[in-house]
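Reading the structure
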Amino acid sequence: MIRQTNYSESSRIITILNEEGVMVPLMARGFNKPKSSFIVLRQGFKEALFTYNRFKGIGTLNEVDVISHFKGINEDFEMFAYGSYIMEYVTKILNDEDVTPKDYELLMKAFKLLEKKDENEKNATTAMVAAKLMPRYGIEINVDECALCGSREYNVFSHYSFKYHSVVCDHCLDEETLERSVHIGNRIIYLAAYMKNARLDLINSINVAPENGRKLLKFTELIYDEYAGVYFKARRLIT
Ligand SMILES: [Zn+2]
C-alpha cells in the first residue's frame, strides 16, 4: 500500500502498488470502524495480499492478508524515515503510461534489505534505489570509464565532473578538467557503479561501512540535485 485518504467517515480510498508496477486505487469500506478487518493497514509500511474486485477505476477491497509487517522499519523512527525516503523515490516516478514490474521489485528489495538493518547499511540501501531509478528520472551518469581517456581502472577514479557528466581519472585531471568537478573518492565511485550496474536479483546484502554509505547517498543526492532537481520531502528526515 502506498497511500490512503479518507473518503467518508467510515471509508478510505487506498492506493496499492501491485507486482506489475501498477497503482491500483481501492475503496476500503468500513476502514475507519473500530472492528474493521483492514485495521492492519492503518499504520506503517506493509506488504500484503489484497483481494479486490475491480473492472476499471476504483476497485473494492474485500480482504487483506499481510505478508510482511516490516517491524524493523515501522517500529524504529530512523528506519521509518529511510523507508519513507525510498518510497518517495519510487512513487514519484510512477505513472499510468510507463508501467514496469521493476518498480515493485526494487521497492520490495529495498524494504527487505532495510528491514534487516544490522546486516545492510541504510544509506547505501537508499543510494541503491536512487542509482537504479536514475534512468527513470532521465539521469544518465557515467561512473564506469574516464570521459577523456576511457580508462576503466577504478583505482584512479576520484572525481566526478559535471562538465563531462562523467568520472575523470586522476591521470586526466588538470586545471581545465577539474573545472566543475567534485571529489568523490574512488571507493564511493566504485560503489556507485556497482549499485548502477549490478542486477537487482543478485544484490542480496549491502554491507558497507556507515561512513561509505553516507558518502554514497550524498553522491547520488548531488546527482539528483544537479540533473533532476526533484524535491524529496523525506530527505530532511535523514541525518
Ligand atoms: Zn582519464
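Residues numbered from 1 in each chain as written. Predicted model: local features only at pLDDT ≥ 70, side-chain atom pairs only at ≥ 80, totals over all residues.

As named in an unreviewed UniProt entry, the protein is DNA repair protein RecO, taken from Lacicoccus alkaliphilus DSM 16010. Reading the Function (unreviewed entry) entry of the UniProt record for the protein gives the comment "Involved in DNA repair and RecF pathway recombination." The annotation that UniProt attaches to the protein under Sequence similarities (unreviewed entry) is "Belongs to the RecO family." (UniProt positions renumbered as here; feature names shortened; annotations may be inferred.)

1. What about the overall build of the protein?
The helix and strand inventory of the protein stands at six helices and eight strands. The order of α-helices and β-strands along the protein, N terminus first, is β-β-β-β-β-α-α-α-α-β-β-β-α-α. The proportion of buried residues among the 239 residues of the protein is 31%. The long-range share in the protein, meaning contacts at least 24 apart out of those at least 6 apart in sequence, stands at 57%. (Helix = DSSP H or I, 4+ residues; strand = E, 2+ residues; numbered from the N terminus. Buried ≥ 20, exposed ≤ 12 C-beta atoms within 10 Å, placed from the backbone. Contact = placed C-beta atoms within 7 Å.)

2. Quick word on the sheet that holds strand 3 (residues 23–28)
Backbone-to-backbone hydrogen bonds join strands into a sheet, with any given pair of strands oriented parallel or antiparallel. Here we have five strands laid out as an open sheet, ordered 1-2-3-5-4, and mixed in their pairing. Single-partner strands in this sheet number two, and they are strand 1 (3–6) and strand 4 (47–53). Averaged over all pairs of adjacent strands, the angle between strand axes in this sheet comes to 35°, irrespective of strand direction. Both strand 4 and strand 5 (residues 59–68) contribute to a ladder of seven bridges, which runs antiparallel. Paired with Tyr52 across the two strands is Leu61, which belongs to strand 5. (Pairing = 2+ DSSP bridges. Axes fitted to C-alpha atoms, helices over the stretch in contact; angles between N-to-C directions.)

3. Focus on the nonpolar core
Ranked by internal contacts, the top residues of the largest apolar core, which has 55 residues, are Ala110, Val129 and Ala192. Ranked by residues supplied to this core, first place goes to helix 4 (residues 122–133) with seven residues. Sequence-distant contacts of Ala192, defined by excluding residues within four places in its chain, comprise Ala131, Val143, Leu216, Phe219 and Thr220. (Core = buried A, V, L, I, M, F, W, Y, C linked by C-beta atoms within 7 Å.)

4. Let's talk about the pairing of strand 7 (residues 166–169)
Bridging between strand 6 (residues 157–161) and strand 7 involves four bridges; their strand directions are antiparallel. Across the sheet, residue Phe157 finds its bridge partner in strand 7, namely Cys169.

5. Digging into helix 2 (residues 77–93)
With 17 residues, helix 2 extends 25 Å between its outermost C-alpha atoms, agreeing within 8% with the 24 Å of an ideal straight helix rising 1.5 Å per residue. Listing the buried residues of helix 2 in full gives Tyr82, Gly83, Tyr85, Ile86, Tyr89 and Val90. Buried residues of helix 2 fall within an arc of 160° about the axis and therefore sit on the same side. On its buried side, helix 2 packs onto helix 1 (71–74), helix 3 (101–115) and helix 4. (Expected span 1.5 Å × (residues − 1). Arc of directions from axis to C-beta.)

6. Concerning the UniProt feature "domain: DNA replication/recombination mediator RecO N-terminal" (unreviewed entry) in the protein
Per the UniProt record, "domain: DNA replication/recombination mediator RecO N-terminal" (unreviewed entry) is found at residues 2–70. Here residues 2–70 is 0% helix and 48% strand, with 14 Å between the C-alpha atoms at its ends.

7. Observations regarding unusual backbone geometry
Leave glycine aside and you will find that most residues have negative phi; peptide bonds, for their part, are mostly trans. In this structure, Phe70 takes a positive phi of about 45° despite not being glycine. Positive phi, close to 50°, is recorded for His165, a residue that is not glycine. Among the secondary structure elements, His165 is positioned in the loop between strand 6 and strand 7.

8. Overview of the environment of Asp103
Here Asp103 shows up in helix 3. What makes Asp103 buried here is the crowd of 23 C-beta atoms within 10 Å. In the structure, Asp103 is positioned 39 residues away from Val64 in sequence and 22 Å away in space, judged by C-alpha atoms. Residues contacting Asp103, with those up to four places away along its chain left out, are Gly21, Val90 and Leu94.

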